[in-house]
Amino acid sequence: MPFPRIVPLVGCLAAFVLGCSAAGSQAPPARVDGPVDDRARAVLERDATRLVEFRRDLHRHPETSGNEARTARAVSDELRRLGLTEIRSNVGGFGVVAIVRGRRPGPTIAYRADMDAVASTAPDPVDFRSVNAGVRHICGHDIHTTIGVALAGIFQSLRDSLVGNVMFVFQPAEERATGANAMLAAGVFTADRPAAVYGLHTAPYEAGLLGTTPGPMMGGRDRFTVSLTGSGDLSAATNLALQALQQAGTVPPDLAFTNQPIDFIAMSLAPPQVAAGQATITGTVTVAASASRARVQALVTTGLAALVPAGVSVSGTYQAKWIAGVTNDTGLTTRATAAIRARLGAETVRAVTGIVPAFSEDFGSFQGVVPGAFYFLGVSNSSRGWVGMPHAPEYVADEAAIAVGARAMAAVILDRLSTR
Ligand SMILES: [Zn+2]
């Protein structure tokens, strides 16, 4: 079906979401007196037009995992323009980390945005289409990054009132699922260890809505290798092992894009490699529940050995959380959701039920170090025919979601940092 062309939203975003005038967006001082929530909204109102322009610039210049040089530079330049001074570049690749320090010491709260784009040759339905052939922002990371910049503007303006710090983590290489670990290895949390990390991902809900759940929210991906050796019937042993692994899976490949109960196991096996006297089976497993992970891991590392005929020995290596997935801290998620609902409305946050095995995230690598909570951010607009299904060729995000995401994350962070 043909996709709608997007009419320019610059100027409309502010009016639609914030009920403000779109005029005068070249960073005049925001009105920063009054209650802190009002002050945060005033900054967002000030920056609304520029944020849309910033997002469209990223959208026009998408970069795949490991190639985010221009995006990282754009982020750093914008943070500097907003007045931030503590900005580190090239953290775990093209990662950018910035921090706003409050006037008084307190906890550090982190917001993470991923920056990379996706290979796609499908035509972009929007007017501000990609100028980089074969690369597009069809996962919404340009939206996540713009929300990070929006938050930097808000907290830079509020810093004299803050008790504690806000850290902004702009991550490269999420699509390759290596960026979070690379940033951690580069010491992103070494000097300032956050008390919590929060993040968002665009989703095909209507713009204005968010979704989350305590506990597992996105599956993690594990990988394994099984080696079979010996003078016995290697072919029979390999087939038995393959069969047992296949039977451990509960989700056929054609259902990987559907909602599954939390204890699903999605198994993907490569054709076995057979050489003289040795067979090797490699595979990946997507799981969300720790009990499911333990079951497959036990099968690979010990269970298969008991199934094969005499004369064949089996050894299995298992790498859990090769891609970490998302597992939300229950207390943080409950508190964050309450904070969003209090400021954006009770109906704003929907409960995520079930997990889609095809989608994963490496946000969980950060959650493995500090507690965190993750939200889906609705970017669809059914009245305009825009559907924000990540990685779909027709992906279009309603830019109204930028302000929604920024307000939601600002609410969560403000709830964690006292202000005077
Ligand atoms: Zn993504």
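All of the points below concern the structure found in this document. (Residues numbered from 1 in each chain as written. Predicted model: local features only at pLDDT ≥ 70, side-chain atom pairs only at ≥ 80, totals over all residues. Heavy atoms only, no water.)

**Describing the coordination of the zinc ion**
Then, in step 1: At this site the zinc ion is bound by C139 (SG), H141 (NE2) and H201 (NE2), with donor distances of 2.0 to 2.3 Å.
Then, in step 2: Going along the chain, you hit the donors of the zinc ion in the pattern C-x1-H-x59-H. Of the two residues, C139 is situated in the loop between β5 (135-136) and α4 (141-158) and H201 in strand β7 (residues 196-206); the sequence distance between them amounts to 62 residues.
Then, in step 3: Under the relative-accessibility criterion, C139 is labelled buried at 5%. (Donors = N, O, S within 2.8 Å, 3.2 Å for Na, K, Ca; no water. Helix = DSSP H or I, 4+ residues; strand = E, 2+ residues; numbered from the N terminus. Buried < 20%, exposed > 50% of the residue type's maximum accessible area, 1.4 Å probe, protein only.)

**Overview of the nonpolar core**
Then, in step 1: F155 and F168 are the most contacted members of the largest nonpolar core, which has 64 residues in total.
Then, in step 2: If sequence neighbours within four positions are ignored, F155 has contacts with V100, L162, V166, F168, A410, I413 and L414. (Core = buried A, V, L, I, M, F, W, Y, C linked by side-chain atoms within 4.5 Å. Contact = heavy atoms within 4.5 Å.)

**Quick look at the pattern of salt bridges**
When the charged atoms of two side chains with opposite charge come close together, those side chains can pair.
Then, in step 1: On inspection of all chains with the given rule, the structure shows 18 salt bridges.
Then, in step 2: One salt bridge connects R55 with D142, and the closest N-O pair in it is separated by 2.9 Å. Linking R55 in helix α2 (residues 36-60) with D142 in helix α4, this pair joins segments that are 87 residues apart in sequence.
Then, in step 3: For R55, a relative accessible area of 1% translates into the label buried.
Then, in step 4: A salt bridge links R81 to E78; the shortest N-O distance between them is 3.2 Å. Of this pair, R81 and E78 both sit in helix α3 (residues 69-81), three residues apart, which is roughly one turn of the helix.
Then, in step 5: Accessibility expressed as a relative area gives 32% for R81, which makes it partly exposed.
Then, in step 6: By sharing partners, the salt bridges in this structure join R55, R56, D142 and E399 into a single network. (Salt bridge = Lys/Arg side-chain N within 4 Å of Asp/Glu carboxyl O.)

**A short note on the packing of α2 against helix α10 (residues 400-416)**
Then, in step 1: Where α2 contacts α10, the two axes come as close as 10 Å, and the packing angle between them is 145 degrees. Taken as a pair, α2 and α10 cross one another with a handedness that is right-handed. Together, V36, D37, A40, R41, L44 and R55 of α2 and I402, A403, A406, R407 and L414 of α10 make up the contact between the two elements.
Then, in step 2: When its residues are assigned to classes, the contact of α2 with α10 shows seven nonpolar, no polar and four charged. (Axes fitted to C-alpha atoms, helices over the stretch in contact; angles between N-to-C directions. Left-handed = near helix turned anticlockwise from the far one by under 90°. Nonpolar A, V, L, I, M, F, W, Y, C, P; charged D, E, K, R; others polar.)

**Considering the layout of surface pockets**
Rolled over the atoms, a probe as big as a water molecule pinpoints where empty space is left.
Then, in step 1: When its volume is computed, the largest pocket comes out at roughly 650 Å³.
Then, in step 2: Residue lining of the largest pocket: 29 residues in total, with M218, F359, S360, F376 and P390 positioned closest to the centre.
Then, in step 3: When residues of the lining of the largest pocket are assigned to their parent elements, the largest contribution, five residues, is made by β7.
Then, in step 4: Partitioning the lining of the largest pocket into residue classes produces 18 nonpolar, seven polar and four charged.
Then, in step 5: Built from parts of two domains, the lining of the largest pocket gets at least three residues from each of domain 1 (12-217 + 326-419) and domain 2 (220-323). (1 Å grid on protein atoms, 1.4 Å probe; cavity = no way out; pocket = protein on both sides within 12 Å on 5 of 7 lines; lining within 4 Å. Points joined across faces, edges and corners; volume = space filled by probe spheres on them. Domains from an automatic or database assignment.)

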